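Residue-level listing of the chains:
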Amino acid sequence: MTSSHTDCHYCLQSLHGRKYALRDENPYCVTCYDSLYANTCEECKQHIECNSKDLSYKGCHWHERCFKCAKCSRSLVEKPFAAKDKVLLCTECYSDEYSSKCFHCQKTIMPGSRKMEFKGSFWHESCFVCQYCRQPLGTKPLITKDNENYCVPCFEKQFAHHCYSCKKAITSGGVICHDQPWHKECFVCAGCKTQLSGQRFISKDEYPYCLDCFSKLYAKKCAACKKSITALGSAKYISFEERQWHGECFNCAKCSVSLVGQEFLTWQDDILCHECGSA
């Protein structure tokens, strides 16, 4: 402004025909105004005169000519920029210095764009997709295989084993029996339904049985002790004329000597050693 009758509020010199600035409705000559109120430029550390354009960002000020990228020196006036420790950078220089690289495409994730983080790596939102169906994963549950990410339905369709019992996908743990996968909770005795994971069992027709159920349903009975003959415990047994004995029960009915591997005679339902049978 120019005045013909006002004095400077600070130095009291006449402002007649001189430029001045107003602050709180008080006039100041340019020299007094700059010394009292002008901001200091962050770049050149000089006052930003009242007749210069003052550009500000987060409480800091620059001359228009000083508002430029600290790395490539290009003007940032009316252009997008980023700040790091009060240092101004154009978006390209900031990206080169500080921005993350996309794990998938290896290109820079530009400032202001949305990025996804998973296991310490970063992706463009458009790159963070299921490897199979290509749908965005966002914050959905996912499974990683060979450094590729899959949504749970696609992973199950492509890679997961399916339980022999319920036919549903096994996503963790599981039990293998005769090369067939089972959920731990599905691996139960076919007779009494007791869980068999970690327990002794016997398989028949590809289904597992606890020892008690197998003995009741399928095991042969020893002709001597009448107890079940199973494949566990004493695995050896003797079979003769549709009768079976535990190895330890195959003894002479009179003298109790073991007849395993020995000649023997039969008398009605008894078996006898050669001496007792000849007597």
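Quick caveat: nothing in here was measured; it's all calculated off a predicted structure.

Reading guide: rules and limits
Per chain, residues are indexed from 1 in the order of the written sequence. Note on the predicted model: pLDDT of at least 70 is required for a residue's local features to be given, and 80 or more for side-chain atom pairs to be given and counted; whole-chain, interface and lining totals, by contrast, use all residues. Working from all heavy atoms in the structure, the side-chain values ignore hydrogens and water. Here, a salt bridge means any side-chain nitrogen of Lys or Arg that lies within 4 Å of a carboxyl oxygen of Asp or Glu. Helical segments are the DSSP runs of H or I of at least four residues, strand segments are the runs of E of at least two, and each set is numbered from the N terminus. We call a residue buried when its accessible area falls under 20% of the maximum for its residue type, exposed when it is over 50%, and partly exposed in between, using a 1.4 Å probe and counting protein chains only. Residue ranges for the domains trace back to a domain assignment, done automatically or taken from a database. Working rule for contacts: check all heavy atoms of both residues, and any pair within 4.5 Å makes them a contact. As a working definition, buried area equals the accessible area (1.4 Å probe) given up by two parts on being put together, with both sides summed. Between N or O atoms, a polar contact is any pair within 3.5 Å; within protein, one atom must be a potential hydrogen donor and the other a potential acceptor, and residues adjacent in sequence are included only when both atoms are from side chains. Following the grouping adopted for this structure description, the nonpolar residues are Ala, Val, Leu, Ile, Met, Phe, Trp, Tyr, Cys and Pro, the charged ones are Asp, Glu, Lys and Arg, and the polar ones are all others, Gly among them.

What the rule picks out here adds up to two salt bridges. Residue glutamate 92 pairs with arginine 74 through a salt bridge whose shortest N-O separation is 3.7 Å. A residue pair is termed long-range when its members are at least 10 positions apart, and glutamate 92 in helix α2 (residues 91-98) and arginine 74 in the loop between β5 (60-63) and β6 (81-84) qualify at 18 residues. Put simply, arginine 114 and glutamate 125 hold a salt bridge, and the shortest N to O gap is 3.0 Å. Within this pair, whereas arginine 114 is found in the loop between α2 and β8 (115-118), its partner glutamate 125 is found in the loop between β9 (121-124) and β10 (142-145), the two being separated by 11 residues in sequence. Given the relative accessible area of 37%, glutamate 125 is considered partly exposed.

In this section: the domain arrangement of the protein. Much of the literature gives interface size as the accessible area that the parts lose upon coming together. With domains assigned, the protein is organised as domain 1 (38-94), domain 2 (97-158), domain 3 (162-217) and domain 4 (236-278). If you average the C-alpha positions of domain 1 and of domain 2, the two centres end up 36 Å apart. Facing six residues of domain 1, the contacting portion of domain 2 comprises five residues. Here domain 1 packs against domain 2, burying approximately 530 Å² in sum over the two surfaces, 66% of which is carbon and sulfur. In this assembly, domain 1 and domain 2 are joined by zero residue pairs in polar contact (both at pLDDT 80 or more). In terms of residue count, the dominant contributor to the side of domain 1 that touches domain 2 is α2 (three residues). Residues that form the side of domain 1 that touches domain 2 fall into these classes: three nonpolar, one polar and two charged.

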